[in-house]
Amino acid sequence: MPSSTFSSDQGNYERPLPSTSLKAAGWMALLVCLLSLTGWELYWRDLGVTSSYRNSDGLWAIQRRRIDRGEGDKTVIVASSRGFFNFQLDVWERESGSRPIQLGLEGTSPVLFMEDLADDPDFIGTLLVGVSPGPFFRGDYREEVLQRYDEESPSQWLGQRISMLIEPHLAFYSFDFALFTVLKRQAWPDREGVVTNMEVRKLANFTKERHARLFSKVETDEEYRELAREIWADGFVPLSERDEDWIETQLEEREKRLDRAVAATRKLQDKGVEVIFFRCPAEGHYSISEPMYFPRDKTWDVLIERTGVLGLHFQDHPEMQGYWLSEWSHMSGSEAERFTASLYHLIQRERARLQEQEQE
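Computed from a predicted model, the values in this text were never measured in an experiment. (Residues numbered from 1 in each chain as written. Predicted model: local features only at pLDDT ≥ 70, side-chain atom pairs only at ≥ 80, totals over all residues. Heavy atoms only, no water.)

Trainee: Kindly report on the side chain of His313, identifying the contributing residues and their values.
Mentor: Along the chain, His313 turns up in strand E7 (residues 310-313). Leave out the neighbours within four places in its chain, and His313 touches Arg279, Arg296, Trp300 and Met320. (Helix = DSSP H or I, 4+ residues; strand = E, 2+ residues; numbered from the N terminus. Contact = heavy atoms within 4.5 Å.)

Written out as structure tokens, the structure reads:
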């Protein structure tokens, strides 16, 4: 007996499809996609965002390989964001006649890269090491960029090249303006027991040589600048409120980093590399937090004494002072140009002074 809910005739039923043109549907989908992308691009452009190369691991690896391909005698910069953003390649090339290789990386201790270059027989040039106390003595070691340099796959190589064809033309094609990043940064209600830290926003634009220049909104947009300052001060805890175990652990880590930096410097010197440390200016929140957690006599002074190399601290030289630091830490493009020229001539002067002392 046929079921009231099933009929054997249903197996032969053919559902008619509406008559459509797949070609028309494809064109319509493409049009919607292009309109959406155009709207997203215009939205960010209207907010003052400009296109830039993405400061990716792949882009860093490209610059690192220049040393392997015959440029090992050049000046190389390793630093966190201050030495990265404040150092202008064009100005240094104009003053010295040679274009440096920029291997700085935001929020990262350069000690790891000092060790990498110390182990590279191809590098025999000059190494400028930017010392920002927090990143240098407590920041992350970005081992993934060295892994990308050592082990980049063919698909990663190709993807990087394809991406670089797009990057200088689209403002929204940036890590900061990815949809899920934007959604994550919205003012969502706080959840009980969940502690979140404010994420660093876009601070610089980059060329394919990783020539960094401060993002104009940091300099000209008061609201954006205040947001950057708020992020830098987010989560600050005075040292007096830290427990003894935490402090002891941090002191041990600081000593380990000093040891590693000294060992890498000696290894670099043994193969004829000149190492120069430089400390960019900082103010505002950093003028309170950095002396508290990284007192000069326990960090910078020890580093210079133990390595015996040229060290240039902004507190010691008028040429490294008097710059406008819009968000307490980084210089605008024009200020960075002036700083780079002053740094170059200061290095030449201090080199000559040390040579005179040695001859005496």
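Trainee: Which residues make up the packing of helix H2 (residues 57-71) against helix H8 (residues 154-166), and what are the values?
Mentor: Remark: H2 packs on H8, axes separated minimally by 10 Å, with the N-to-C direction vectors making an angle of 105°. As far as their axial angle goes, H8 and H2 are roughly perpendicular. In contact with Gly58, Leu59 and Ile62 of H2, H8 contributes Gln160, Arg161 and Met164. (Axes fitted to C-alpha atoms, helices over the stretch in contact; angles between N-to-C directions. Parallel < 35°, antiparallel > 145°, perpendicular 65-115°, else oblique.)

Trainee: Describe a negative patch on the surface, with residues and values.
Mentor: Together, Asp243, Glu244, Asp245, Glu248 and Glu252 line one region of the surface with negative charge. Within the fold, Glu244 resides in helix H12 (residues 244-270). For Glu244, a relative accessible area of 69% puts it in the exposed group. (Patch = residues over 30% accessible without salt bridge, like charges linked within 9 Å, V, L, I, M, F, W, Y side chains within 5 Å. Areas by Shrake-Rupley, 256 points an atom, 1.4 Å probe, with all protein chains shown as cover. Salt bridge = Lys/Arg side-chain N within 4 Å of Asp/Glu carboxyl O. Lys, Arg positive; Asp, Glu negative; His and termini not counted. Charge placed at Lys NZ, Arg CZ, Asp CG, Glu CD. Buried < 20%, exposed > 50% of the residue type's maximum accessible area, 1.4 Å probe, protein only.)

Trainee: So, the pattern of salt bridges: which residues are in play, and what are the values?
Mentor: This structure, assessed with the given rule, holds 34 salt bridges. Close ionic contact of Asp116 with Arg64 constitutes a salt bridge, the shortest N to O distance being 2.8 Å. Separated by 52 residues along the polypeptide, Asp116 in helix H5 (residues 111-118) and Arg64 in helix H2 bring together distant segments of the chain. The pair formed by Asp116 and Arg64 is uniform in burial state, with each residue classed as buried. In this structure, Glu290 engages Arg279 in a salt bridge whose closest nitrogen and oxygen atoms are separated by 3.1 Å. Here Glu290, found in helix H13 (residues 286-293), pairs with Arg279, found in strand E6 (residues 274-279); they are 11 residues apart in sequence, far enough to count as distant. A relative accessible area of 6% means that Glu290 is categorised as buried. On the basis of relative accessible area, Arg279 is assigned to the buried category, the value being 9%. Through salt bridges with shared partners, one network takes in Arg64, Asp68, Asp116 and Asp120.

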